[in-house]
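Topology and contacts: notes
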Amino acid sequence: MDQTSKWRYRGPSRLALAGIGAAAWLAACSGPESTQQRDESAKSAIEQGRAATSTATTVEGYKQDLARRISQVNFASVYAERPQALLRSVIVLKYVVDRDGNLVRSEILRSNRDRQAEASALGSLKNTAPFPKPPEALLRQGRIELSESWLFNNDGRFQLRSVALAQMGE
């Protein structure tokens, strides 16, 4: 066996490892820029929500519109894949939105006393307001009352039941 064939199959070369290191460094350098782009996207969604009126014709449709918007604005806290089979926490919030899309009131209806998950659910709701204006036909005394479930994985990220994928094992 000559010297060249002896080194041929020994694993990644130094050049390959240097390339991997350079790619990782470039990815790390691009992090703040992509975060800034995502922040701009979330800001744009907030601005669009201020002027927009939902086109939903049912309470459930409006609730799904808001769930999508909450997920979009709070993208960094949202779990985009199927939730795990055994959830860390399920937080159910009741909230009221007025005819202008303002969050009037929110309260916890159900919790397992996971204070971090409760704060995350309430924070994501407040962070998203104002919401798209609800259609007049859905209002009762100028407001609409909704409830939504926040489904938390062990890593602290959530999905909203109205738009969540089926849990693993279902």
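Before any of the text, the structure's been laid out above.
Everything in this summary refers to the structure shown in the same document.

Basis of the calculations
Residues numbered from 1 in each chain as written. Predicted model: local features only at pLDDT ≥ 70, side-chain atom pairs only at ≥ 80, totals over all residues. Heavy atoms only, no water. Helix = DSSP H or I, 4+ residues; strand = E, 2+ residues; numbered from the N terminus. Buried < 20%, exposed > 50% of the residue type's maximum accessible area, 1.4 Å probe, protein only. Contact = heavy atoms within 4.5 Å. Areas by Shrake-Rupley, 256 points an atom, 1.4 Å probe, with all protein chains shown as cover. Polar contact = N/O pair within 3.5 Å; in protein donor to acceptor, adjacent residues only side chain to side chain. Core = buried A, V, L, I, M, F, W, Y, C linked by side-chain atoms within 4.5 Å. Pairing = 2+ DSSP bridges.

A few points about the overall build of the protein
Looking only at helices and strands, the protein features four helices and four strands. Counting from the amino terminus, helix and strand elements in the protein follow one another as α-α-α-β-β-α-β-β. Within the protein, the fraction of its 170 residues that count as buried is 35%. Partitioning the intrachain contacts of the protein with sequence separation of at least 6 by distance along the chain shows that 75% fall at a separation of at least 24. Accessible surface, the protein as shown: approximately 10,600 Å² in total, 52% of it carbon and sulfur.

What to know about the environment of Arg-88
Within the secondary structure layout, Arg-88 lies in the loop between α3 (59-73) and β1 (89-98). Note: C-alpha distance between Arg-88 and Gly-156 (68 residues apart in sequence) is 8.0 Å. If we skip the residues at most four places from it in the chain, Arg-88 touches Asn-112, Asp-114, Gln-116, Ala-117, Phe-152, Asn-153, Asn-154, Asp-155 and Gly-156. Looking at Arg-88, its side chain comes within polar contact range of the side chain of Asp-114, at 2.7 Å.

Describing the nonpolar core
Taken as a class, soluble globular proteins show a tendency for nonpolar side chains to be buried jointly. Core analysis: the largest hydrophobic core is formed by 22 residues, its most contacted members being Tyr-62 and Trp-150. Counting only elements with at least two residues in this core, the list comes to α3, β1, α4 (115-128), β3 (143-152) and β4 (158-160). Beyond its immediate chain neighbours, meaning those up to four positions away, Trp-150 contacts Ile-70, Ser-89, Val-90, Ile-91, Leu-93, Ala-121, Ser-124, Leu-125, Phe-158, Gln-159 and Leu-160.

Focus: the pairing of strand β2 (residues 103-110)
Both β1 and β2 contribute to a ladder of six bridges, which runs antiparallel. For Val-97, the partnering residue across the bridge sits in β2 and is Leu-103. The antiparallel pairing of β1 with β2 creates a hairpin that spans four residues between the two strands, and Gly-101 there sits at a positive phi of about 90°.

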